Amino acid sequence: MYVNDKEYKYSYLLLKEPYEYMGICEGHKHSMGEWTLISSDDMDIHTYSHMENEIVLLGYILDIRNAGLGVEDILKHLLYSEDILDELEYMNGRFIALLKKGPQMYLYKDASAMMPVNYCKDEGILSSHDIIIKEILESNGISVDEYEQHANGILDLTRFKNIYKFNPSMRLNMSTMKFDRIYPRYEREVIKSSEALDRLKPYFQEMIKWLKKWEGEMILTLTGWYDSRVSMALTNELSDRIEYLTYLSGNKDRMTERAREIYEIDEYIVKEITRNFKIKHSLINLERFDLTGTEREELKLKLQSSHSFPLLAYFRHNRKLHRALHIKSTIFGMGKADFPLTRNQQSLKIF
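Rules of the game
Residues numbered from 1 in each chain as written. Predicted model: local features only at pLDDT ≥ 70, side-chain atom pairs only at ≥ 80, totals over all residues. Heavy atoms only, no water. Phe/Tyr/Trp six-rings, centres within 6.5 Å; stacked < 30°, edge-to-face > 60°. Helix = DSSP H or I, 4+ residues; strand = E, 2+ residues; numbered from the N terminus. Buried < 20%, exposed > 50% of the residue type's maximum accessible area, 1.4 Å probe, protein only. Lys NZ or Arg CZ within 6 Å of the ring centre and 35° of its normal. Pairing = 2+ DSSP bridges. Arc of directions from axis to C-beta. Contact = heavy atoms within 4.5 Å. Salt bridge = Lys/Arg side-chain N within 4 Å of Asp/Glu carboxyl O.

**Student:** Please clarify how the packing of aromatic side chains should be interpreted in this entry.
**Tutor:** Each pair of aromatic rings is reported with the distance of its centres and the angle of its planes. Inspection of the entire model under this criterion finds 11 aromatic pairs. Seen in terms of ring centroids, tyrosine 119 and tyrosine 164 are 5.9 Å apart; in terms of plane orientation they differ by 40°. Their pairing is tilted. In this pair, tyrosine 119 sits in strand β11 (residues 118–120) while tyrosine 164 sits in strand β13 (residues 164–165), placing the two residues 45 residues apart along the sequence. Judged by its relative accessible area of 7%, tyrosine 119 falls in the buried class. Assessed through its relative accessible area of 24%, tyrosine 164 is described here as partly exposed. Taking the centre distance of 5.0 Å and the plane angle of 75° together, the rings of tyrosine 314 and phenylalanine 315 count as edge-to-face. Grouped by ring-pair contacts, the aromatic residues Tyr119, Tyr164, Phe166 and Phe179 constitute a single cluster. One cation-aromatic arrangement involves lysine 302 over tyrosine 8; the distance from NZ or CZ to the ring centre is 5.3 Å.

Here you go:
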């Protein structure tokens, strides 16, 4: 999708009338009531509708209870579900779901918010990129101010005033542009690790079945610590198809003595894992890669978070992966925070 002659891959825009979007070209358009969804041609988009009810999914999704369910089956089930929040507990993937039932429409995200959503609440515009919202507003005669100091990654702030990030654990009422917290749904329960594993094992097995059907490339970033090693163990059946990557730093001299010791232990463990398991593994020294000139400046304009330019350079110029799946661990607290339910009703105070 091109916005004012700039290309945005795997992007989308949601806006209400009467905004003009003449600066957008090569995008797929889809209407949902008073909303218009515009997405890039490379965006994965799935729809299912019945009478005046409709669900639209951007990204990919899987049901961890049944790997055999296709996307259409999942969307149909979500659309007809009497308790969609309960159903979303079992949905994995990287997605946003737009659910329209009659005049009401809600936006839901995957639990760890891997699919980005930025929004301007006052104007009723959402997008994968904060800069796209800025471009649309300015093309409609609405000025947008940028923060003087770097605000990315702080709370729900983006680079621009009045444009925010959609954080995990929430859903958005598209009719009122109001949020409500949907997770956690239950009080935290403390159980034995063996019992937790027994509960989770069937879901892991279904996810492995789903990964076996994945037709593209798969990578797993491997470190010496527990999270990636657990991911590696769980996907052991797929080790002949997975490429394992470890990023190295050439700046050991800048590290403290303790940091250098931890780094060297990490590197040793990874090399021993590779030697013992004979996996397809690459050690990538990021000092050898970087983006320069106009390419770097272009990405700084499009990307709102702090990215590793050497890492971008490696994948952009040396690998050119297409729809590769990155297998990694995510932290429970990212998507469904385990704070007391009473916190849902408490306002946030910032001093």
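**Student:** Sorry if this is basic, but what is going on with the pairing of strand β8 (residues 53–63) here?
**Tutor:** For a regular strand, side chains alternate in direction, first toward one face of the sheet and then toward the other. In terms of burial, β8 is a largely internal element, nine of the 11 residues being buried. Relative to β8, strand β7 (residues 45–50) is paired through six bridges, and the arrangement is antiparallel. Bridging across to β8, histidine 50 finds its partner in asparagine 53. Counting the residues in the hairpin turn of β7 and β8 gives two residues, including methionine 51, whose phi is positive at 55°. In terms of strand pairing, β8 meets strand β9 (residues 91–101) through 10 bridges, oriented antiparallel. Within β9, the position partnered with glycine 59 by the bridge is phenylalanine 95.

**Student:** Could you clarify how one ought to interpret helix α8 (residues 309–319) in this entry?
**Tutor:** Residue pairs three or four apart in sequence face the same way in an α-helix, which turns once every 3.6 residues. Turning to α8, its buried residues number three or more, namely Phe309, Ala313 and Tyr314. Taken around the axis of α8, the buried residues stretch over an arc of 140°, which confines them to a single face. For α8, the elements touching its buried residues are β17 (242–248), β18 (281–285) and α7 (293–302). The first or second residue beyond α8 is lysine 320, which carries a positive phi of 55°.

**Student:** Could you clarify how one ought to interpret the pairing of β9 in this entry?
**Tutor:** Of all 11 residues making up β9, eight are buried, and the element is well covered by its neighbours. Pairing geometry for β9 and strand β10 (residues 104–109), over six bridges, is antiparallel. What sits directly across from isoleucine 96, in β10, is lysine 109. Hairpin geometry of β9 and β10 is characterised by an intervening segment of two residues between the two adjacent antiparallel strands and by a positive phi of about 60° at glycine 102.

**Student:** Looking at this structure, I do not really get the pattern of salt bridges. What am I missing?
**Tutor:** Charged atoms that come close allow side chains of opposite charge to pair. The full count for this structure, using the stated rule, is 23 salt bridges. Residues lysine 9 and glutamate 7 are paired through a salt bridge, measuring 3.3 Å at the closest nitrogen-oxygen approach. Looking at lysine 9, the relative accessible area reads 57%, which means it is exposed. Ionic pairing is found between arginine 171 and aspartate 180, a salt bridge with its closest N-O pair at 3.2 Å. Here arginine 171 falls in the buried class, since its relative accessible area comes to 18%. On the basis of relative accessible area, aspartate 180 is assigned to the partly exposed category, the value being 28%. Residues joined by salt bridges that share partners form a network here, namely Asp63, Arg65 and Glu87.

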